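The primary structure of each chain is shown beneath.
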Amino acid sequence: MIERIWSGQSPLYLLLLPLSWLYGLVSGIRQFFYRMGWLKSWKAPCPVIVVGNLTAGGNGKTPVVIWLVEQLQTRGFRVGVVSRGYGGRSDHYPLLLNSETSTAQAGDEPVLIYQRTGASVAVAPKRSDAVKALLQHAPVDVIITDDGLQHYALARDVELVVVDGIRRFGNGWWLPAGPMRERAGRLRRVDAVITNGGKAATGEIPMTLAGRILVNIHTGERCAADSLAPAVAMAGIGHPPRFFATLSQLGTQVVNAVAFADHQEYDLKTLSTLTPKGQPLLMTEKDAVKCRKFAQPNWWYLPVNAEIPAEQGNELLAKITNLIKTNRYFSTTNK
């Protein structure tokens, strides 16, 4: 239902417009206060790159964060990542992730980024606290924030916005009548717009999510995505239809597709009921990080990677690496 409302297919969004106007008013006043300096932003001693979005729901932001971390690591930079840790609850903040940190503590996306990249990752509701914890913990040349475009309390040097190329901005209204956290005009003030799927507009960087190999959560075995059939698919991400469509494009025969809420917590009983005949259960990597401790032999996930055209990707990376080199931060821990 929410997808129909946000896409403009349902007129019910009209009933929510007063709340959207209030959301837009509060958001606009808050931004104005930061621009005027009446609300202060904390400036980190090293470059900060925000990877965010204008809309609620899954746009492919986390794969872009992973791509950026890995690209900078291959260039010799020490990268730290900070996140709000949505969906997690820790008994203390800031929380520095390690191999024992659970998704219940840190949220699924920070754990996924940590496991995929090996970068230092910190979580805190106040992102400046997470940055300070990283700088005290290990040598860091650059900080990447997973989400946080609207978290103006943390100053940033580069803003990257990820846009869903299929859904774009829906009906264009602020939450809750539409999917917008900020209006589309905000794109004029960011450093780059990365468009996931669909057709990138002029000046935008096109991106696709690529993955063909399934990985068994229990054993680590790998196989082609179209070799397990018939299968059941599940997804607890911002936009589950994207995952189901990917499996279809890969030729995977899916007999049942089950969508869960974004950041859904799972247990063995709930997921086992999805495959009463022992069929393969296919899920996203974001789901898999929450299931490793109780994974069954028939559970598989599909890792995906952000793919960006070399010319545009290298141009973006050249600007970022130049920024890092000219703003090197040397603390007592990294001299």
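Residues numbered from 1 in each chain as written. Predicted model: local features only at pLDDT ≥ 70, side-chain atom pairs only at ≥ 80, totals over all residues. Heavy atoms only, no water.

Participant: Honestly, the overall build of the chain in this entry has me stumped. Any pointers?
Facilitator: What the chain contains, in helices and strands, is ten helices and 15 strands. Compactness check: the chain gives a C-alpha radius of gyration of 20 Å against a globular reference of 20 Å for 335 residues, within 12% of the reference. Expressed along its principal axes, the backbone C-alpha trace of the chain runs to roughly 60 × 55 × 45 Å. In the chain, which comprises 335 residues, the proportion classed as buried is 53%. In the chain, the proportion of contacts linking residues at least 24 apart, taken out of those at least 6 apart, comes to 73%. Roughly 15600 Å² of accessible area belongs to the chain as shown, and the carbon and sulfur atoms make up 55% of that amount. Charged side chains in the chain number 36 positive and 26 negative. The centres of these two groups are separated by 5 Å. (Helix = DSSP H or I, 4+ residues; strand = E, 2+ residues; numbered from the N terminus. Rg over C-alpha atoms; globule rule 2.2 N^0.38 Å. Buried < 20%, exposed > 50% of the residue type's maximum accessible area, 1.4 Å probe, protein only. Contact = heavy atoms within 4.5 Å. Areas by Shrake-Rupley, 256 points an atom, 1.4 Å probe, with all protein chains shown as cover. Lys, Arg positive; Asp, Glu negative; His and termini not counted. Charge placed at Lys NZ, Arg CZ, Asp CG, Glu CD.)

Participant: Where do I start with the packing of aromatic side chains in this structure?
Facilitator: What describes a pair of aromatic rings is the distance from one ring centre to the other and the angle between the planes of the rings. Scanning the model with the defined rule gives eight aromatic pairs in all. Pairing Phe32 with Trp38 gives two aromatic rings, centres 5.6 Å apart and planes at 80°, and the pair type is edge-to-face. Exposure remark for Phe32: the relative accessible area of 36% places this residue in the partly exposed category. Pairwise contacts between aromatic rings join Phe32, Phe33 and Trp38 into one cluster. When the ring centre of Trp173 is taken as reference, the NZ or CZ atom of Arg183 above it lies at 5.2 Å. (Phe/Tyr/Trp six-rings, centres within 6.5 Å; stacked < 30°, edge-to-face > 60°. Lys NZ or Arg CZ within 6 Å of the ring centre and 35° of its normal.)

Participant: Quick question: what am I supposed to make of the domain arrangement of the chain here?
Facilitator: Note: interface size is frequently given as the accessible area lost on complex formation between the parts. Domains assigned within the chain are domain 1 (1–208 + 308–329) and domain 2 (212–303). The C-alpha centroid of domain 2 is placed 26 Å from the C-alpha centroid of domain 1. Taken together, the 17 residues of domain 1 in the interface contact eleven residues of domain 2. Summed over both partners, the interface of domain 1 with domain 2 comes to about 1200 Å²; 48% of that surface belongs to carbon and sulfur atoms. Contact with domain 2 buries surface across domain 1, with Thr103, Asp108 and Leu112 losing the most and accounting together for 35% of the total. For the interface between domain 1 and domain 2, the tally reads four salt bridges. Of the charged contacts, one joins Asp164 and Arg242 as a salt bridge, the two residues approaching to 2.4 Å between their closest N and O atoms. Viewed at the interface, domain 2 and domain 1 are joined by six residue pairs in polar contact (both at pLDDT 80 or more). (Domains from an automatic or database assignment. Buried area = accessible area lost by both parts, 1.4 Å probe. Salt bridge = Lys/Arg side-chain N within 4 Å of Asp/Glu carboxyl O. Polar contact = N/O pair within 3.5 Å; in protein donor to acceptor, adjacent residues only side chain to side chain.)

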